Amino acid sequence: MTHTVETGPSPVGAEPYRWRWVALCVVLTAEVMDLMDAMITTIAAPSIQKDLDGSSSMIQWLSAGYTMAMAVGLITGGRLGDLYGRRRMFTIGALGFTLCSLLCGLAVSPEMLIVARVLQGLAGAVMVPQGLGVIREVFPPKELAAAFGAFGPVIALSTVAGPVLSGWLVDGDFFGTGWRMIFLINLPVGLFALLGGLRYLPASQPSGASRLDLTGMGLVSAASFLLVFPLVQGRDLDWPGWTFVMMAVSIPVFALFCLHQSRKERAGGAPLVVMSLFRKRAFAGGLVTGLVFFTGMVGFSLVFGLYTQIALGYGPLKAGLAGLPNAIGTLVGFILVNASGLARRVGRRLIHIGTVVMAGGVAGVALTLNVAGMGVTPWQLAPALLVTGIGMSLIMAPFFDIVLAGVEPHETGSASGTLTAIQQLGGTLGAAAIGTLFFDLLKRNWSFEDSMLLTIWVAVGLLVATFAAVFLLPLRARDEQDTAH
């Protein structure tokens with residue numbers, strides 16, 4: 001049985017889509033699968049590197065290859081949902097993601113695993129952006145805040161729970177699979193998302209556009225690759241001149257992409273990115289805020305997971321459990337926010353409060369390492385990580401509701417793809433830039449402890465920058481809605 005809904009808000013007096021809450025669960029399942037796979041290699045990386053005899057750059061590419069492919073493909077993936085229907089693209093993406101997860105689990109060399117991770121990221125780029133569009137289609141306006149509010153805890157919890165799950169699976173060595181189980185576990189989850197998508201997601205009507213903007217797709221893909229590839233590979237190659245040339249060239253290519261999109265929109269075509277989105281204060285400010293925040297958060301998580309194993313000698317399970325207080329703090333924070341209704345009442349100020357709290361927690365990790373040194377235990381790190389998780393929940397709770405409040409129905413696919421792409425690009429930059437900083441310091445004969453401390457303070461600096469970027473957002477989601485209408 002299939003269901004069809006028209007794109008855009010339901011007419012006044014129309015009954016809301018019957019299976020909307022089940023559809024939300026299906027969409028969130030895809031989000032969990034994507035986000036946990038983005039972070040799950042942070043703990044398993046040393047085991048994978050040893051088993052496949054990989055280089056240190058392989059550790060970075062396990063994460064960066066996946067998130068770069070997501071970042072490159074998400075804008076196109078969001079547009080594909082507009083052109084061919086969101087349920088269709090969601091199920092195609094879920095099937096591809098599941099098959100690529102199997103390929104990752106069967107990898108016999110570093111090159112095979114990295115290629116499989118890139119393909120997995122591209123499949124995720126088709127699947128993930130359909131979710132926000134589906135939610136805007138099936139939920140009435142009075143329930144949208146609650147629906148979008150569910151994304152915050154799922155994103156935050158998945159990001160911090162990924163390493164915990166990874167450690168448990170690697171240490172458990174289920175069926176003798178070792179690290180491979182972190183990918184094989186996606187098979188039943190992906191099957192659930194696929195079948196749930198076919199059964200419960202509505203078959204939305206495609207937009208009037210009939211062609212994909214291939215030129216725009218090529219430009220944005222090239223620009224993203226030119227930026228990220230040298231960041232990840234440069235350290236192993238001792239920063240040859242071409243790495244800096246590639247990064248510099250990415251700037252005019254991004255500018256050319258924006259120019260092409262504007263011209264295509266003015267000519268009445270169907271661009272990958274609807275440029276009118278950038279005239280909306282909440283959306284434009286949300287892209288800047290999201291880029292800075294996710295760069296710091298993912299970079300910190302990656303280096304922390306590596307440090308606990310490489311420097312402190314924790315096993316995979318112990319390293320994963322060391323980050324558990326972060327997840328607990330995130331869950332506690334979201335429960336408090338949702339119970340009190342703070343996200344809607346406080347709006348942007350709650351993100352500011354969360355940024356201060358999270359920066360304090362991350363700084364607390366640095367101070368704990370400085371005092372306890374190389375003998376630090378997970379129990380000593382727990383208080384600071386708990387505070388970090390609470391701060392993260394305060395940031396994420398109102399974020400999506402504010403950023404997407406003024407998006408029109410015809411802009412949904414473009415907005416979803418672009419916002420999620422910025423989230424993934426931030427994760428890629430975090431893994432590449434902060435990971436590169438950490439390994440570069442070690443190469444310069446810095447101690448593990450000093451390298452980690454400086455890396456943490458860089459993450460704190462990015463949270464300070466996030467605090468400043470939040471001023472670009474409107475005070476509340478309804479402010480943007482009033483402006484848009």
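Keep in mind that what you see is a predicted model, and the values were worked out from it rather than measured.

Enquirer: Describe the overall build of the protein chain, and please don't skip the residues or the numbers.
Expert: A count of helical and extended segments in the protein chain gives 22 helices and zero strands. Looking at the 485 residues of the protein chain, the share that counts as buried comes to 62%. Across the protein chain, every contact between residues at least 6 apart in sequence was considered, and the portion connecting residues at least 24 apart equals 83%. Split by element, the accessible area of the protein chain, about 18,200 Å² in all, is 68% carbon and sulfur.

Enquirer: Describe in detail the packing of helix α1 (residues 20-39) against helix α5 (residues 110-127), supporting the description with residues and values.
Expert: Relative orientation of the contacting elements α1 and α5 amounts to 150°, with a least axis distance of 11 Å. Between α1 and α5, the angle is such that the two are roughly antiparallel. Once α1 is placed against α5, the crossing between them reads as left-handed. Of α5, the residues touching α1 (which contributes A30, M33, D37 and A38) are R117, Q120 and M127. Here the residues of the contact of α1 with α5 are counted per class, giving four nonpolar, one polar and two charged.

Enquirer: Describe a nonpolar patch on the surface, with residues and values.
Expert: Together, L321, L324, I328, V332, L336 and L386 line one region of the surface with nonpolar side chains, adding up to about 480 Å² of accessible area. Looking at which element gives the most residues to the nonpolar patch, the answer is helix α15 (residues 324-340), with four residues. For L386, the position within the fold is in helix α18 (residues 378-396).

Enquirer: Before we move on, can you summarise the side chain of T308 with the specific residues and values?
Expert: Along the chain, T308 turns up in helix α13 (residues 281-310). Classification of T308 by relative accessible area gives buried; the value is 0%. Not counting residues within four places of it along the chain, the set of residues in contact with T308 comprises G313, Y314 and A319.

Enquirer: Could you give an account of the pattern of salt bridges, with specific residues and numbers?
Expert: For the structure shown, the criterion picks out three salt bridges. The residue D37 makes a salt bridge to R117 at a minimum N-O spacing of 3.8 Å. Within this pair, whereas D37 is found in helix α1, its partner R117 is found in helix α5, the two being separated by 80 residues in sequence. Taken as a pair, D37 and R117 share a single burial class, namely buried.

Enquirer: Give me helix α10 (residues 186-200): which residues, what numbers.
Expert: The terminal C-alpha atoms of α10 lie 20 Å apart, and with 15 residues this matches the ideal 21 Å at 1.5 Å per residue to within 8%. For α10, the secondary structure elements touched by its buried residues are α1, α4 (86-105), α5 and α9 (181-184).

Enquirer: Before we move on, could you go through the layout of surface pockets and cite the residues and values that matter?
Expert: In this model, the largest pocket occupies a volume close to 510 Å³. When contributions to the lining of the largest pocket are tallied by element, the ones reaching two or more residues are α3 (56-84), α11 (214-233), α12 (241-266), α13 and α20 (412-443). Looking at side-chain class alone, the lining of the largest pocket contains 19 nonpolar, three polar and no charged residues.

Enquirer: I'd like a rundown of unusual backbone geometry, residues and numbers included.
Expert: Notably, F175 is not glycine yet its phi reads approximately 55°, a positive angle. Mapping F175 onto the fold places it in the loop between α8 (151-172) and α9. On the basis of relative accessible area, F175 is assigned to the exposed category, the value being 82%. Non-glycine residue N445 carries a positive phi angle of around 70°. By the element assignment, N445 lies in the loop between α20 and α21 (448-469). A residue is classified by how much of its surface remains accessible, and N445, at 73% relative accessible area, is exposed.

Enquirer: Requested: an account of the state of the cysteines, with residues and values cited.
Expert: Note on terminology: a disulfide is the covalent bond linking the sulfur atoms of two cysteines. One pass over the structure, following the stated rule, counts zero disulfides. You can see C100 has no disulfide; the closest cysteine sulfur is in C104, sitting 7.0 Å from it.

Enquirer: Talk me through the packing of aromatic side chains; I want residue IDs and the actual numbers.
Expert: One pair of aromatic rings is described through two measures. These are the centre distance and the angle between the planes. A complete count under the given rule lists 10 aromatic pairs for this structure. With 4.7 Å between their ring centres and 75° between their planes, W21 and F139 make a pair best called edge-to-face. Remark: F139 occurs in the loop between α6 (130-138) and α7 (141-149) and W21 occurs in helix α1; sequence separation between them is 118 residues. Over the face of the ring belonging to W19 we find R199, whose NZ or CZ atom lies 5.4 Å from the ring centre.

Calculation criteria
Residues numbered from 1 in each chain as written. Predicted model: local features only at pLDDT ≥ 70, side-chain atom pairs only at ≥ 80, totals over all residues. Heavy atoms only, no water. Helix = DSSP H or I, 4+ residues; strand = E, 2+ residues; numbered from the N terminus. Buried < 20%, exposed > 50% of the residue type's maximum accessible area, 1.4 Å probe, protein only. Contact = heavy atoms within 4.5 Å. Areas by Shrake-Rupley, 256 points an atom, 1.4 Å probe, with all protein chains shown as cover. Axes fitted to C-alpha atoms, helices over the stretch in contact; angles between N-to-C directions. Parallel < 35°, antiparallel > 145°, perpendicular 65-115°, else oblique. Left-handed = near helix turned anticlockwise from the far one by under 90°. Nonpolar A, V, L, I, M, F, W, Y, C, P; charged D, E, K, R; others polar. Patch = residues over 30% accessible without salt bridge, like charges linked within 9 Å, V, L, I, M, F, W, Y side chains within 5 Å. Salt bridge = Lys/Arg side-chain N within 4 Å of Asp/Glu carboxyl O. Expected span 1.5 Å × (residues − 1). 1 Å grid on protein atoms, 1.4 Å probe; cavity = no way out; pocket = protein on both sides within 12 Å on 5 of 7 lines; lining within 4 Å. Points joined across faces, edges and corners; volume = space filled by probe spheres on them. Disulfide = S-S within 2.5 Å. Phe/Tyr/Trp six-rings, centres within 6.5 Å; stacked < 30°, edge-to-face > 60°. Lys NZ or Arg CZ within 6 Å of the ring centre and 35° of its normal.

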